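The lines below spell out each chain.
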Number of protein chains: 2
Amino acid sequence: MKARPSTLREVAARAGVSIKTASRVANGEARVAASTAARVQAAIQELDYVPNMAARRLAHCRSFVLGVVYHNRSWNWLNDIQRGAIEEARAHDYEILMHPFQPDSEQDRKLLRHILEQGSVDGLILTPPCGDDPELTADAAERGIPCVRISPTHREGAEPTVSASDFEGARAMGRYLASLGHERIAFVAGGAEQRSSQDRRAGFEAALHESDLSLCEADVLQGDFSFESGLACGRKLMARLATERAHPTAVFACNDDMAAGVLSAAHEAGIHVPHTLSVAGFDDVDLAHQVWPPLTTIHQPTALIAREATRMLVDTLEGRVVAPAHRILETTLVERASTAESCS
Amino acid sequence: MKARPSTLREVAARAGVSIKTASRVANGEARVAASTAARVQAAIQELDYVPNMAARRLAHCRSFVLGVVYHNRSWNWLNDIQRGAIEEARAHDYEILMHPFQPDSEQDRKLLRHILEQGSVDGLILTPPCGDDPELTADAAERGIPCVRISPTHREGAEPTVSASDFEGARAMGRYLASLGHERIAFVAGGAEQRSSQDRRAGFEAALHESDLSLCEADVLQGDFSFESGLACGRKLMARLATERAHPTAVFACNDDMAAGVLSAAHEAGIHVPHTLSVAGFDDVDLAHQVWPPLTTIHQPTALIAREATRMLVDTLEGRVVAPAHRILETTLVERASTAESCS
DNA sequence: CGAGCGCATGACAACGCTGTCATAGTCGGG
DNA sequence: CCCGACTATGACAGCGTTGTCATGCGCTCG
C-alpha cells in the first residue's frame, strides 16, 4: 500500500547523489561513473521508482502522445489501424490518443485545434480522409506538429505518407476476376475524392484492359466506403440483374464493408453468390470472413501500415531522418468463397 | 505562425494582474472582481491563451486521462464502448487511453502497472473480463486509482459497475423465440466465467421455464464470445441437425459475433436461416446487421454504458458522490430476419 | 611541476500551473 | 470612530523533471 510513488529526489537521497545524477542514470545518459550508476540503479530498484510522466512532459515540452485523427465509416478498418498504432507507439514509449474528426463539424475542428494548442499531442497520424484536409495539416504545421498521412489522396504535402499498393492490389483483383472468365464486372467506388478509391479503380481498369475488357460507366456505382452505401449500390445492381439481359457477372467493391453490403443485397434479391454473381472486396478486415460467403478480397497490411506510420512519426520526433517519405506496402489477394468462375 | 503558445504569465502581464489572478479567471473561480475578470478574459482572447495540460497535470498531480482496459474478442462491441467513452470523457475535459490487456501476459500486466505508477491515468474503466481480474483491481486500489467496471462477473468489489440488463434481455429473447413456437433452442455460451454469459443463460432459461420448456445440457455449446468460437459451435450444431432426428430449431448465441459464426456454419452446411433454423444474438453491434440474414438480437446500449461508466468515474474523481453504485441499463429486442416461426 | 584538458558531479533555474497564506482595502456594527 | 470580518489580489513555494553551467578532481603533456 504505497500511496505516493517515489520521486527522483528520494532515489538521489538514497543513493547519496544529486538529483541530476539520479536523472542521468534513470535516462541512461553516458558520463556517469559505473560505480555511481550501480548505486543509483539499486536505489531505483528498491524504491520502485518510476518517472513521473507529467513532470517529464513539462520539462521536455513534449507530451509523448501521438494523435490518430479519424473519420471513418469503416470501423473494421480503423480497428486494425488502432491496434497497429498502439502497439508500435508503446514500443517507443509513446501513447496513442484517438481523435474523432468530422471535417464538416466546426466543433471537432475547434477541439482538435485546442488539442494542438494545449500541446497534448506531439504528432498526428491522419487517416483518410483527414489527411487531405488542408486546414488540418496547416493547423498542425503552424504549430510545428509533424504529421504522417495514411493513404492520402494527394501526396504533394510535406508530410510523409504510408499507403497500401492500392493500384497493384486492385489490378491483381481485376486480373483474378478476369481469369475466372468474367467479362463484365461492376465496380463500387468509395468516396469520390479519396485517392484509395481512385487508385483502386485505376488498377482495376488497368487489369481489365490487359484482358481487352473495359469498365463501362454504367457499371460504376458510387459508394462512400460504408456498409450502407454498399447495400444501396448492391440493390441498384440487383435490380439490373433482374431486368437487364446483359449484366455484370461480378462486382468488385472498393472495400470490404461495401462488399458486405452488396452481399446482403444479393441475398435479399435471392441472387446466389458466387454462382450468379461473384463479389470481391478490398482490405481484408474481420468482417470479410464473418459474412457469408466469406469475401475474396485484397489483404491490406492495415496494422502494419499504422505501425509504419507511427514509426515514421516517432523517428521524426526523435530527430532521426525519415528515409523514404512515401512508403507503399504490398497487398496480397486472398481467395475465399465469394468468387467463382463465370457461368455465362 | 505562432511557434510557442502563450502562457498564463503573458496573459497576466497583458491584463496587468498577477499570474494567480489570471489563473483564477482562466479556471472560472469565484472571488474575482468583475472588472478584473473582464480584463483578463480580454487578454486571454487576444493572446489565444490555452492552458498547458502538462503543467496543469503536474500541479494537480492528476493526468485527466482515463484508461480503458480491454481484452476482447469482440472488436465490434469494443468499438461502441470506445466511442461512448471518448465522447463522454471529452465533455468533461478528460481523455481516453485505450489499454490492451491480456490477463495471461505478464508483459501487459507490467505495462499497465507501469502506467498506473507513472500516474498517466487517473481512473480505469475495466471492460470484461478485465474487471474480474483481482490482481488488476488490487493494483489500482493500492495506488488509489478509482475504477469502474463494465458488466463484471462479480459485483462484490468496492468499485461501481455498469451493466446491461443481461438477464432481462436474454429472457426477452427466450420469450420471443418461444412465442415463435420453438420448443428446443440451443444456446451458445460465452466465456464460462463471465457473468454476462451466465446471466444471459439464466435469463434465457427463465423464459423457457415460463413456457414449460427447458434447456438440456446437450444443447449448450461453449464459446468464448469470438466469431471463430461461434463458427466452431455452429459446425457442431449443424452436424447434429444433419444426423439427429430431434434437434433444436433455433439457436440463441450469447453475442452477435458468435451468432454470426453460427450463421456462417449454417450457410456452409446449406441449412436455411431462418426457415430451418432461427439464429439470435445479443449486443446489436454493427456486425449484426451486416451479415445475412440480419440478426435478431438484443440491443445493448453499449455506447451509453461506456458513457455512464465514464461519467461515474469522472464524478468519483471530482469528488462528487456516485449515487447508485451499480447501474443496470435496459436492453431491447430488435427483430430482424434471422428468426422465424418454427415450422416443426 | 604547472598549465590545460576531460570527466564526473552538483547547484540552480527553468517548464507552466495551482495551493497556501499574507496583505491590503472595504464595510458594517457597536 | 475603532475593530473584526470579509473581499480582492498578489507573493511565493511547490509539483517532478531536465537543461545549463559551474565546480572540482585527476590526468597528461610540455
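What comes next concerns the included structure. (Residues numbered from 1 in each chain as written. Chains lettered and ligands numbered in written order. Predicted model: local features only at pLDDT ≥ 70, side-chain atom pairs only at ≥ 80, totals over all residues.)

Structural notes on the protein's contact with DNA strand C
Item 1. Not every one of the 26 residues close to DNA strand C is listed here, only the nearest: S18(A), T21(A), L8(B), S23(B) and A59(B).
Item 2. The set of elements that each furnish at least two residues to the surface near DNA strand C consists of helix 2 (19-26) and helix 4 (53-60) of chain A together with helix 1 (8-15), helix 2 (19-26) and helix 4 (53-60) of chain B.
Item 3. Grouping the constituent residues of the surface near DNA strand C by class yields 13 nonpolar, eight polar and five charged. (Near = placed C-beta within 6 Å. Helix = DSSP H or I, 4+ residues; strand = E, 2+ residues; numbered from the N terminus. Nonpolar A, V, L, I, M, F, W, Y, C, P; charged D, E, K, R; others polar.)

Some thoughts on the sheet that holds strand 9 (residues 278-280) of chain A
Residue and element names in this part refer to chain A.
Item 1. Taken in spatial order, the four strands make up an open sheet running 7-6-8-9, and their pairing is parallel. Edge strands, defined here as strands with exactly one partner in the open sheet, are strand 7 (220-222) and strand 9. Strand-to-strand, the axes of this sheet are offset by a mean angle of 20°, without reference to chain direction.
Item 2. Sheet analysis places strand 8 (residues 250-253) next to strand 9, joined by three bridges and oriented parallel. Of the residues in strand 9, the one forming a bridge with F252 is A280.
Item 3. Contacts from helix 11 (residues 256-269) reach strand 6 (185-189), strand 8 and strand 9, with the element oriented near 155° to strand 9. (Pairing = 2+ DSSP bridges. Axes fitted to C-alpha atoms, helices over the stretch in contact; angles between N-to-C directions. Contact = placed C-beta atoms within 7 Å.)

Let's talk about the pairing of strand 5 (residues 161-164) of chain A
Residue and element names in this part refer to chain A.
Item 1. Neither face of strand 5 is left uncovered, since the one carrying T161 and S163 and the one carrying V162 and A164 both have all their residues buried.
Item 2. Taken together, the two bridges between strand 4 (residues 147-150) and strand 5 define a ladder with parallel strand orientation. Along strand 5, the bridge assignment pairs I150 with V162.
Item 3. Both strand 5 and strand 11 (residues 326-329) contribute to a ladder of four bridges, which runs parallel. Counterpart to T161 in the pairing with strand 11 is H326. (Buried ≥ 20, exposed ≤ 12 C-beta atoms within 10 Å, placed from the backbone.)

Quick look at the environment of V121(B)
Item 1. Its place among the elements puts V121(B) in the loop between helix 6 (106-118) and strand 3 (123-126).
Item 2. The spatial distance from the C-alpha of V121(B) to the C-alpha of P146(B) is 9.9 Å, given a sequence separation of 25 residues.

So, the pairing of strand 1 (residues 65-70) of chain A
Across a regular strand the side chains alternate sides, sitting on one face of the sheet and then on the other.
All names here are of chain A.
Item 1. When you tally the buried positions in strand 1, you get six out of six residues, the bulk of the element.
Item 2. Of the two faces of strand 1, both are covered, the one formed by V65, G67 and V69 as well as the one formed by L66, V68 and Y70.
Item 3. Alignment of strand 1 against strand 2 (residues 95-100), held across six bridges, turns out to be parallel. In the strand pairing of strand 2, V68 is matched with M98.
Item 4. Across four bridges, the pairing between strand 1 and strand 3 (residues 123-126) is parallel. Following the sheet pairing, G67 is matched in strand 3 by L124.

Structural measurements only, silent on function.
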